[in-house]
Structures are given as C-alpha cells and as structure tokens.
Amino acid sequence: MSEWVENPVILCVDDEASVLQAVRSQLREHYKNSVDIEIASSGSEAIELVKDLIEDDVDLWVVLCDEIMPEQRGHEVLAEIHKCSPEPRTILLTG
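The following paragraphs examine the structure supplied in this document. Here the structure is a predicted model, which means the values were calculated and not measured.

**Here we look at the sheet that holds strand β3 (residues 60-66)**
Strand order in this open sheet of 4 strands is β2-β1-β3-β4, and the pairing throughout is parallel. In the strand order of this sheet, the two ends are held by β2 (36-40) and β4 (89-93), each with one partner. With direction set aside, neighbouring strand axes in the sheet form an average angle of 15°. On top of the sheet, helix α1 (residues 17-31) reaches β1 (9-13), β2 and β3; it is set at about 170° to β2, its chief contact. Sheet strands touched by helix α3 (residues 74-84): β3 and β4. Its angle to β3, the strand with the most contacts, is close to 160°.

Next comes the structure, spelled out in structure tokens:
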C-alpha cells in the first residue's frame, strides 16, 4: 500500500466479485468512515496485502475469508495470515 491509512482495516477475501462488493457495502454502511475495507480476490493476494499492511504498520482488525476458493481453501489462507499477524480476528465464511 502506498498511501498512509489512519483507520483500522477489515480485509475481505473471496473469489466472487459480487460477494466482495456485497460484504464491502454492508461493512461500509455499518462502520461508515471509521474503518478501511480492503478486498482480495485470492488467498495469495490476501497474504501479500497483509504483509504490506504489516510493513506499513496498519492496524488489521478482522479478516473475513471465504472457505471455497480455487487456489487455496480459506482455512489455509487464514493460517498463513495468522503466521504473519496473529492479532486480527478471523472469520471463515462457508456456504
């Protein structure tokens, strides 16, 4: 991430663009401008984004992650994220 973020971050991970947009919309409606919402469409993108957030010293609050994705299962993604940053709460979304 190139710009400085002052709000805490919620990261949403899903390979379905419509799901990401729906979750982002609901979170924005609830939190207004008090959090930043980042999205990733794959596990590898999410892990790289988390590494960037850590490097930029951004407060990652929550990671919402879909379980069924083509590249990696959500629980595997969350386990990798936990290795990088154990503080955020994680939520695994299943159908």
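Let us keep going from here.
**A closer look at the pairing of β2**
With 5 bridges joining them, β1 and β2 adopt parallel strand pairing. Bridge pairing in β2 links Cys12 to Ile39. Following the backbone out of β1, through α1 and into the adjacent parallel β2, one traces a crossover that is right-handed.

**A word on unusual backbone geometry**
For residues besides glycine, phi is generally negative; the peptide bonds are generally trans as well. We note that Lys32 has phi near 55°; this positive angle belongs to a residue other than glycine. In this structure, Lys32 sits in the loop between α1 and β2. Positive phi, normally seen in glycine, also occurs at Asp57, with a value near 60°. Locating Asp57 in the fold gives a position in the loop between α2 (43-55) and β3.

**A short note on the packing of α2 against α3**
Across the interface, α2 lies against α3 with an axial gap of 10 Å and an inter-helix angle of 15°. Classified by the angle between their axes, α2 and α3 sit roughly parallel to one another. Like other packed secondary-structure pairs, α2 and α3 cross with a definite hand, here right-handed. Of the residues in α3, those touching α2 at Gly43, Ala46, Ile47, Val50, Lys51 and Ile54 are Val77, Glu80, Ile81 and Cys84. Of the residues assigned to the contact of α2 with α3, the class counts are 7 nonpolar, 1 polar and 2 charged.

**Quick look at the packing of aromatic side chains**
With the rule as written, the count across this model stands at 1 aromatic pair. Between Tyr31 and Trp61 the ring centres are 6.4 Å apart and the planes differ by 65°, which places this aromatic pair in the edge-to-face class. With Tyr31 in helix α1 and Trp61 in strand β3, this pair connects stretches of sequence that are 30 residues apart. Residue classification places Trp61 among the partly exposed positions, given a relative accessible area of 38%.

**Some words on the side chain of Asn7**
Positionally, Asn7 belongs in the segment before β1. A polar contact of 2.9 Å, which involves the side chain of Asn7, links it to the backbone oxygen of Asn33. Sequence-distant contacts of Asn7, defined by excluding residues within four places in its chain, comprise Asn33, Ser34, Val35, Asp36 and Val58.

Definitions and limits used
- Residues numbered from 1 in each chain as written.
- Predicted model: local features only at pLDDT ≥ 70, side-chain atom pairs only at ≥ 80, totals over all residues.
- Heavy atoms only, no water.
- Pairing = 2+ DSSP bridges.
- Helix = DSSP H or I, 4+ residues; strand = E, 2+ residues; numbered from the N terminus.
- Axes fitted to C-alpha atoms, helices over the stretch in contact; angles between N-to-C directions.
- Contact = heavy atoms within 4.5 Å.
- Right-handed = clockwise from strand over helix to strand, strands pointing away.
- Parallel < 35°, antiparallel > 145°, perpendicular 65-115°, else oblique.
- Left-handed = near helix turned anticlockwise from the far one by under 90°.
- Nonpolar A, V, L, I, M, F, W, Y, C, P; charged D, E, K, R; others polar.
- Phe/Tyr/Trp six-rings, centres within 6.5 Å; stacked < 30°, edge-to-face > 60°.
- Buried < 20%, exposed > 50% of the residue type's maximum accessible area, 1.4 Å probe, protein only.
- Polar contact = N/O pair within 3.5 Å; in protein donor to acceptor, adjacent residues only side chain to side chain.

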